[in-house]
Amino acid sequence: MYRLTKDTTWSQKALGAAQHAQTLNDELPEVHFALGNVYNATGKTAEAIVELKQALSLAPNSDEGFRRLANAYMAAGQKDDALKTYQRPST
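So, on to the overall build of the protein chain. Counting secondary structure elements, the protein chain contains six helices and zero strands. Its helices and strands in sequence order give the protein chain the pattern α-α-α-α-α-α, from N to C terminus. By the compact-globule yardstick of 12 Å for 91 residues, the protein chain fits well, its C-alpha radius of gyration being 13 Å. Referenced to the eigenvectors of the C-alpha coordinate spread, the extents of the protein chain come out at roughly 35 × 30 × 20 Å. Sequence separation of 24 or more characterises 37% of the internal contacts of the protein chain that already satisfy a separation of 6 or more. Of the roughly 5700 Å² that the protein chain leaves accessible, carbon and sulfur atoms contribute 53%. Of the side chains in the protein chain, 10 bear a positive and 10 a negative charge, and the two mean positions are spaced by 6 Å.

Now for the packing of aromatic side chains. Counted according to the given criterion, the structure contains zero aromatic pairs. Across the ring face of F66, the terminal group of R88 is positioned such that the distance to the ring centre comes to 3.7 Å.

Position of Y39 among the secondary structure elements: in helix α3 (residues 29–41). Linking Y39 and E27, residues twelve residues apart in sequence, is a C-alpha distance of 19 Å. What Y39 contacts, discounting residues up to four positions off in sequence, is L15, Q19, K44, T45, E47, A48 and E51.

Moving on, we get to the pattern of salt bridges. Pairing is possible between side chains of opposite charge, provided their charged atoms come close. Enumeration according to the criterion identifies three salt bridges in this entry. With its nearest N and O atoms 3.0 Å apart, the salt bridge here joins R88 to D63. Highlighted residues: R88 in the segment after α6 (79–86) and D63 in helix α5 (residues 63–75), separated in sequence by 25 residues. Accessibility expressed as a relative area gives 41% for D63, which makes it partly exposed. The salt bridge involving E64 is made with R67; its shortest N-O contact spans 3.1 Å.

Here α3 spans 18 Å end to end across 13 residues, near enough to the 18 Å set by a 1.5 Å rise per residue. For α3, the full list of buried residues reads P29, V31, H32, F33, L35, G36, V38, Y39 and N40. Elements in contact with the buried residues of α3: α2 (8–24), α4 (45–58) and α5.

Right, let's get into α5. Between the first and last C-alpha of α5 there are 18 Å, a value that for 13 residues agrees with the 18 Å anticipated at 1.5 Å per step. Burial in α5 covers these residues: G65, F66, L69, A70, A72 and Y73. Looking down the long axis of α5, one finds its buried residues gathered within 160° of arc, a one-sided arrangement.

Another aspect to go through is a nonpolar patch on the surface. A cluster of nonpolar residues, M1, L4 and W10, forms a patch on the protein surface that exposes about 370 Å² of accessible area. With respect to the helices and strands, M1 occurs in the segment before α1 (2–5).

Basis of the calculations
- Residues numbered from 1 in each chain as written.
- Predicted model: local features only at pLDDT ≥ 70, side-chain atom pairs only at ≥ 80, totals over all residues.
- Heavy atoms only, no water.
- Helix = DSSP H or I, 4+ residues; strand = E, 2+ residues; numbered from the N terminus.
- Rg over C-alpha atoms; globule rule 2.2 N^0.38 Å.
- Contact = heavy atoms within 4.5 Å.
- Areas by Shrake-Rupley, 256 points an atom, 1.4 Å probe, with all protein chains shown as cover.
- Lys, Arg positive; Asp, Glu negative; His and termini not counted.
- Charge placed at Lys NZ, Arg CZ, Asp CG, Glu CD.
- Phe/Tyr/Trp six-rings, centres within 6.5 Å; stacked < 30°, edge-to-face > 60°.
- Lys NZ or Arg CZ within 6 Å of the ring centre and 35° of its normal.
- Salt bridge = Lys/Arg side-chain N within 4 Å of Asp/Glu carboxyl O.
- Buried < 20%, exposed > 50% of the residue type's maximum accessible area, 1.4 Å probe, protein only.
- Expected span 1.5 Å × (residues − 1).
- Arc of directions from axis to C-beta.
- Patch = residues over 30% accessible without salt bridge, like charges linked within 9 Å, V, L, I, M, F, W, Y side chains within 5 Å.

Remember, this is a structural readout, not a statement about activity or role.
Printed below as a string of C-alpha cells:
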C-alpha cells in the first residue's frame, strides 16, 4: 500500500510489525527480508542492504532473497553489485 499511496502510515505499520517479529525471533530470515523490503520501499537502501544480507546469511539459497538484494543495490545506485547479485550462480 505504501508504494501505491506513499502514505507513511502503511510503511510505519509494516516497519512496526517487522520490528516486533525481530524481537520475537531474530534468527528467522523472513524477519530480515521483511525489514529489508520496508527499508527499500521507503528509500533507506543502506539499511535494506544490511537486512537483506543478514537474511541471506540465514537462508543462503533464497533466489527471491538475492533478487531483493539486487533490487536494493539498484535503488542505491550500486549497479555493479546489483549485476553481480542478479547473475550469481544457482545452487
